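Chain residues, written in single-letter form:
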Amino acid sequence: MKKFIAAVMSFILVIATCAFAACTPEEENLGVVNGNYVETDAKGLSTALANVNADLTDIAGGAGFDFATKFAVSFNMPETLSLSADGNFGYKINADMSGETPVLTGAGSGSVSYSLRKDKTNVEESYSANIYNDSQYLYLNTTAADNGKIDYLKLINDAMQGQLPGIGEGEGDSEIGGGMDLPATGMPDISELISQMEKLGIKAYIDTDNGLKIKLSLDAVTFKSLLIVAAQSVKDFLPAEVATTITAMLALVEFSDFNIDFYLVFDADGKFVQYGEDININASVELPAAVGVSGPITLQFSNSAYLKAYTGTVTLPDGLDAYPDITDKIGLPAVGV
């Protein structure tokens, strides 16, 4: 049952994030986790993870999460297209596990704005929203549409019905769908994954001064190589000319500013404390003169986010019950379809 509750909490966060593709804006680098990091290899990282608890329902200090993210992006193709957008979103969710049935309460808000110039046309738009949830509904209050509530339990049930039988019907915490065993504690064996990360050029750093902090970093050279490999891997699904053009353009990409960093934090007991990410990419492509684009194509992208263990209280506003039910307008595909 706890595994199912964790899935529900994750689902709410995903829905909220996808609604805005964007977090609390006050902190400039809110996803960065500072520490006394020392570079390590696959063996060292595997050893450090040996005492970590993989069950995110057993988090440090309680059963809630605090999520925040923000992004900014700009793209410019001289004399043709210019796009810029930024957004932020923040959400806190708490699970009261004191009764027979967990009680979920969540609240957050976000905004996104963009401007687009194509040829001589200019468009500027901005949207904002407040989002809430209880143990059954997700409530939406947005500037883009009327208020509404979504029965997310029904959506999950409809998506999983017949695919994962037995969820929520009394199985142990280490089983989902009547057959897939999950470890109750400890990390699963991810030595092969760690080894592959090392082969890809992803560098790992750890800080074991107080619990465990992990930092995974990707540099511009490795990122560019991975992009080219990814483009080549999908070339069979694209027209040959398109695939060749994409690969050629990727080879011409230059980075003037670049960092992709991911963080994981666990306390001294191996319980989850925080996940963080910090991404900054400033790239440009100078195309051959024959293409007809005067000047470089530029892209700037930044994203910073965290997911923290949360022990505070979430209070919902009055009047949510009056929101119309819009569940039937949403729908999710069945699992495996």
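(A) Main features of the overall build of the protein. Along its length, the protein carries six helices and 14 strands. As presented, the protein carries roughly 18,500 Å² of accessible surface, and 54% of it is formed by carbon and sulfur atoms.

(B) Expanded view of the packing of helix α5 (residues 220–233) against helix α6 (residues 240–252). Following both chains from N to C, one finds α5 and α6 inclined at 175°, their axes separated by 9 Å at the closest point. It follows from the interaxial angle that α5 and α6 lie roughly antiparallel. Residues Lys-224, Leu-227, Ile-228, Ala-231 and Gln-232 of α5 form the contact with α6, whose own contacting residues are Ile-246, Thr-247, Leu-250, Ala-251 and Leu-252. Split into classes, the residues belonging to the contact of α5 with α6 amount to seven nonpolar, two polar and one charged.

(C) Representation of the confidence of the model for the protein in the model. Overall, the predicted model of the protein reaches an average pLDDT of 78, with 75% of residues at or above 70. Element-level pLDDT for the protein is lowest in strand β8 (residues 175–176), with a mean of 36, against a maximum mean of 94 in strand β1 (residues 38–40). Across residues 1–12, confidence stays below pLDDT 50; counting only partners more than four residues off in sequence or on other chains, it has 38 contacts. Predicted confidence for residues 15–26 stays below pLDDT 50, and this span has 38 contacts to residues more than four positions away or in other chains.

(D) Inspection of the environment of Tyr-137 at higher detail. Along the chain, Tyr-137 falls in strand β6 (residues 137–142). Remark: the alpha-carbon pair of Tyr-137 and Ile-150, spanning 13 residues in sequence, is separated by 5.3 Å. With residues up to four places along the chain from it excluded, the contact list for Tyr-137 reads Tyr-132, Lys-149, Ile-150, Asp-151, Tyr-152 and Asp-325. Within polar-contact distance, the side chain of Tyr-137 engages the side chain of Asp-325 at 3.5 Å.

(E) Focus on the sheet that holds strand β7 (residues 148–151). Sheet architecture is open: 12 strands sit in the order β1-β10-β11-β12-β13-β14-β2-β3-β4-β5-β6-β7, paired in antiparallel fashion. Only two strands of the sheet have a single neighbouring strand rather than two, namely β1 and β7. Sheet twist, expressed as the mean angle between neighbouring strand axes with direction ignored, is 15°. Two elements, strand β4 (residues 103–118) and strand β5 (residues 121–133), share 13 bridges in a ladder whose sense is antiparallel. Bridging across to β5, Gly-108 finds its partner in Ile-131. Against the sheet, α5 engages β11 (212–218), β12 (253–266) and β13 (272–285), with an angle of about 100° to β12. The strands touched by α6 within the sheet are β12 and β13, with β12 carrying the most contacts at an inclination of about 85°.

What counts and what doesn't
Residues numbered from 1 in each chain as written. Predicted model: local features only at pLDDT ≥ 70, side-chain atom pairs only at ≥ 80, totals over all residues. Heavy atoms only, no water. Helix = DSSP H or I, 4+ residues; strand = E, 2+ residues; numbered from the N terminus. Areas by Shrake-Rupley, 256 points an atom, 1.4 Å probe, with all protein chains shown as cover. Axes fitted to C-alpha atoms, helices over the stretch in contact; angles between N-to-C directions. Parallel < 35°, antiparallel > 145°, perpendicular 65-115°, else oblique. Contact = heavy atoms within 4.5 Å. Nonpolar A, V, L, I, M, F, W, Y, C, P; charged D, E, K, R; others polar. pLDDT = per-residue confidence, 0-100. Polar contact = N/O pair within 3.5 Å; in protein donor to acceptor, adjacent residues only side chain to side chain. Pairing = 2+ DSSP bridges.

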